[in-house]
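Structural features, examined
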Amino acid sequence: HLTVKLPDLPDTDSAVLQEWHIAEGESIKSDSTLCSLEAEHFLLNIDSSDLGFLAKQVVPVGVKVPVHQTIAIIVPNEEDVAAFASFPEYIGDHPDHEDGATEVLRKLRELKKANQISRTQFMD
């Protein structure tokens, strides 16, 4: 699988996810726009040059995302999408969740304990 992370941004360390352009399970074609984000003074589209299928939208719309945070997971084959169905969302600064990072780590530990993710995925 391939993880898509928020890249370094000029003059800011985060952006808010505004819209997903590809649904989970949908195929990704060359140069597809995965999602749109808004930073302090600009809008940013995240494009993918990799072909495959969007296995997981890790960050929900409306959530503030720090740079280098995983925002999506892409898999090469459609049958691999289901393996990421229970992968936890990043809920960071979402207004409905006061301590999103703690909740994500808890969910990751639960998945690891249940052997649903490997050590490599857990440490990514």
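This report concerns the structure included in the present document. Numbering of residues starts from 1 in each chain and follows the order in which that chain's sequence is written. The predicted origin of the model limits local features to residues at a pLDDT of at least 70 and limits the giving and counting of side-chain atom pairs to 80 or more, whereas totals for whole chains, interfaces and linings rest on all residues. Side-chain numbers here rest on the full set of heavy atoms in the structure, without hydrogens or water.

**Notes on the pairing of strand 6 (residues 52-57)**
- Summary of the burial criterion: residues with accessible area below 20% of their type's maximum are buried, those above 50% are exposed, and those between are partly exposed, where the area comes from a 1.4 Å probe applied to protein chains only. Only runs of H or I of at least four residues qualify as helices and only runs of E of at least two qualify as strands under DSSP, and these elements are numbered from the N terminus. Within strand 6, 6 of the 6 residues are buried, leaving the element largely enclosed by the surrounding structure.
- Two strands make a pair as long as DSSP finds a minimum of two bridges between them. As defined by bridge partners, strand 6 adjoins strand 8 (residues 70-75) across 4 bridges and the pair is classed as antiparallel. Its bridge partner being in strand 8, Phe53 is matched across the sheet by Val75.

**Focus on the sheet that holds strand 6**
- Here 4 strands make up an open sheet; going across it, the order is 1-8-6-3 and the pairing antiparallel. The strands lining the two open edges of the sheet, one partner per strand, are strand 1 (2-5) and strand 3 (27-28).
- Relative to strand 8, strand 1 runs antiparallel, the two being bridged by 4 bridges. Looking at strand 8, one finds that Lys5 is bridged to Thr70.

**Regarding the nonpolar core**
- Among the nonpolar cores identified, the biggest contains 30 residues, and Leu6, Leu34, Leu37, Ile46 and Ile71 are the most heavily contacted of them.
- At 5 residues, the largest contribution of residues to this core is made by strand 8.
- A contact between two residues is defined here by any heavy atoms of the two lying within 4.5 Å. The contacts of Leu6, once residues within four sequence positions are left out, are Ala15, Leu37, Leu44, Ile46, Val65, Pro66, Val67, His68, Gln69 and Ile71. To qualify as a nonpolar core, a set must consist of buried Ala, Val, Leu, Ile, Met, Phe, Trp, Tyr and Cys residues joined through side-chain atoms within 4.5 Å.

**A few points about the environment of Cys35**
- Here Cys35 shows up in strand 4 (residues 32-38).
- Classification of Cys35 as buried rests on a relative accessible area of 0%.
- Ignoring anything within four residues of it in the chain, the contact list for Cys35 reads Leu17, Glu19, Trp20, His21, Leu44, Asn45, Ile46 and Ile71.

**Description of the pairing of strand 5 (residues 43-48)**
- In this sheet, strand 5 lies alongside strand 4 in antiparallel orientation, the contact comprising 6 bridges. The partner of Ser32 across the bridge, within strand 5, is Ser48.
- Where strand 4 folds back onto strand 5 in an antiparallel hairpin, the turn is made up of 4 residues.

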